[in-house]
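Coordinates in review
Letter by letter, the chains look like this.
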Amino acid sequence: AGFGAGLGLALASSAFIGGSFVLKKKGLLRLCGRARAGQGGHAYLREWLWWAGLLCMGVGEAANFAAYAFAPATLVTPLGALSVLVSAVLSSIFLNEQLNVHGKIGCILSILGSTVMVIHAPQEEEVSSLESMAEKLQDPGFIVFAVCVLVSSLLLIFVAGPRYGQSNVLVYVLVCSAIGSLSVSCVKGLGIALKELFSGKPVLKEPLGWVLLVCLVICISIQINYLNKALDIFSTSVVTPIYYVLFTTAVMTCSAILFKEWQHLVLDNIIGSISGFLTIVSGIFLLHAFRDMPFTPSLLPLFLQPARADPHPAWSTADRHQSCQHQPLLPSEDKGSQSAEEEEEE
């Protein structure tokens, strides 16, 4: 029951989040000369389409929140690839962004890779109370990871952002992905707290639950702000797949450090998880790298192209040119050899 509920909530979350990217981008495009998010403006707060996208993202994040409470992070996070598919398809319909054959193949590969990762995903350790969650949060490995995430995010925001934020899509997306790995940990802890609250335990008196709630609000606020900047500057078909790859990598790393998920895995599950993730990355690369390349029938192999009136026009022309080129060379050589023989005889 928990697996089915987590799977259904994760699928619903991907649908809502994928649609939210398109709605928010549509609202950002309607600013018409006002202060845009890419230049630090907040005029998008007056657009109802942007608020509709934010509402869809809120519903998707709520479903994602519930999915993390019922299922492990290694099951929920890879299914986020479906949001890439939803966003790419809707962007091609409503935003006139190109989705060629390479993009469609990339979407299919992302779905297949997510399926493989779900099948071979490691199961996290059982965390059933806030006390056990507090013990894991105090682990030295997780503390080092959290400090590295915060320091790198500050460097990206205050050092790399003013210099390269307008030209490099990785700057703002890296901020969202790094902070997102911490927000998933907060979501997992709050899900455990809600389960204990519904079971009748005095969770509201525990300070850890309130600390996780405050940290989650801060992390989500940072993610929304810099995701808006990335969407305003770059294409949705660029931001969405790159954000998925980096966010999934950060979450999987954080979950492995926090919950020690990879310690008791057999070799075939390790290979399956890595292969599934690489398949997703390959699909995302196809979706991103060839998004502006037109795919016409002339790019097909010759045996798949439509039949022509003259099946070999180039060959016949080349043969005629070749014969014309070789004909004057042979007589000149013969004449040269004949003149050389006459001179020798004289």
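No experiment lies behind these values; they were computed from the predicted model shown.

1. Section: the overall build of the protein chain
From N to C terminus, the protein chain includes 12 helices and 0 strands. Counting every position in the protein chain, which comprises 346 residues, the buried fraction comes to 43%. In the protein chain, the share of contacts with a sequence separation of at least 24, taken over all contacts with a separation of at least 6, comes to 82%. A total accessible area of about 18400 Å² is found for the protein chain, and carbon and sulfur atoms account for 68% of it.

2. Observations concerning the environment of L109
Note on placement: L109 falls in helix α5 (residues 101-120). Residue L109 is classed as partly exposed on the basis of its relative accessible area of 24%. Once residues within four sequence positions are removed from consideration, L109 is found in contact with T279, I280, S282, G283 and L286.

3. Describing the confidence of the model for the protein chain
Here the protein chain averages 77 in pLDDT, while 77% of its residues score no lower than 70. Considering each helix and strand of the protein chain separately, the mean pLDDT is smallest for helix α12 (residues 313-345), with a value of 48, and largest for helix α7 (residues 140-164), with 92. A low-confidence stretch, residues 313-330 stays under pLDDT 50, and its non-local contacts, those more than four residues away or across chains, total 1 contact.

4. Side note on the nonpolar core
With 59 residues, the main nonpolar core has Y68, M133, L137, V169, V173, L227 and V239 as its most contacted residues. The residues that make up this core include at least three from each of domain 1 (1-95) and domain 2 (124-263). Ignoring any residue separated from it by four or fewer positions in sequence, one finds V169 in contact with F234, V238, V239 and I242. Within the second largest apolar cluster, 11 residues are counted, among which are A88, C107, I284 and L287.

5. Here we look at the packing of aromatic side chains
Using the criterion set out here, one finds 2 aromatic pairs in the structure. An angle of 35° between the planes, with centres 5.7 Å apart, marks the rings of Y172 and Y226 as tilted. Placement of the pair is Y172 in helix α8 (residues 170-198) and Y226 in helix α9 (residues 207-233), with a sequence separation of 54 residues. This pair shows no difference in class: Y172 is buried, exactly as Y226 is. Taking 5.6 Å as the distance between ring centres and 20° as the angle between the ring planes, the aromatic pair formed by Y243 and F247 counts as stacked. Placement of the pair is Y243 and F247 together in helix α10 (residues 236-259), with a separation of 4 residues, close to one helical turn. We classify Y243 as buried; its relative accessible area is 14%. Taking the relative accessible area as the measure of exposure, F247 reaches 15% and is therefore buried.

6. Structural notes on the environment of L182
As for its position among the elements, L182 is in helix α8. Between the alpha carbons of L182 and F145 there is a distance of 9.7 Å; along the sequence they are 37 residues apart. With sequence-adjacent residues up to four places away left out, L182 is seen in contact with F145, A146, V149, L150 and C219.

7. Some words on the packing of helix α4 (residues 81-94) against α5
One way to put it is that α4 packs onto α5 with a least axis distance of 9 Å and a crossing angle of 160°. Between α4 and α5, the interaxial angle falls into the category roughly antiparallel. Classified by chirality, the crossing of α5 by α4 is left-handed. Here α4 contributes A81, L82, L85 and A88 to the contact with α5, which in turn contributes C107, S110, I111 and S114. Here the contact of α4 with α5 is built from residues that sort into 6 nonpolar, 2 polar and no charged.

8. Side note on the packing of helix α2 (residues 48-70) against α8
The relative placement of two packed helices is expressed as an angle between their axes plus a distance between the axes. Where α2 meets α8, the axes come as close as 8 Å, and the angle between the chain directions of the two elements is 70°. As judged from the angle between their axes, α2 and α8 are roughly perpendicular. The handedness of the crossing between α2 and α8 comes out as right-handed. Note on element contacts: α8 touches α2 through V184, V187, K188, L190, G191, L194 and K195, opposite F65, Y68, A69 and F70.

9. Overview of the side chain of T248
One can find T248 in helix α10. Contacts of T248, omitting those with residues within four sequence positions, involve T77 and F277.

Thresholds applied
- Residues numbered from 1 in each chain as written.
- Predicted model: local features only at pLDDT ≥ 70, side-chain atom pairs only at ≥ 80, totals over all residues.
- Heavy atoms only, no water.
- Helix = DSSP H or I, 4+ residues; strand = E, 2+ residues; numbered from the N terminus.
- Buried < 20%, exposed > 50% of the residue type's maximum accessible area, 1.4 Å probe, protein only.
- Contact = heavy atoms within 4.5 Å.
- Areas by Shrake-Rupley, 256 points an atom, 1.4 Å probe, with all protein chains shown as cover.
- pLDDT = per-residue confidence, 0-100.
- Core = buried A, V, L, I, M, F, W, Y, C linked by side-chain atoms within 4.5 Å.
- Domains from an automatic or database assignment.
- Phe/Tyr/Trp six-rings, centres within 6.5 Å; stacked < 30°, edge-to-face > 60°.
- Axes fitted to C-alpha atoms, helices over the stretch in contact; angles between N-to-C directions.
- Parallel < 35°, antiparallel > 145°, perpendicular 65-115°, else oblique.
- Left-handed = near helix turned anticlockwise from the far one by under 90°.
- Nonpolar A, V, L, I, M, F, W, Y, C, P; charged D, E, K, R; others polar.

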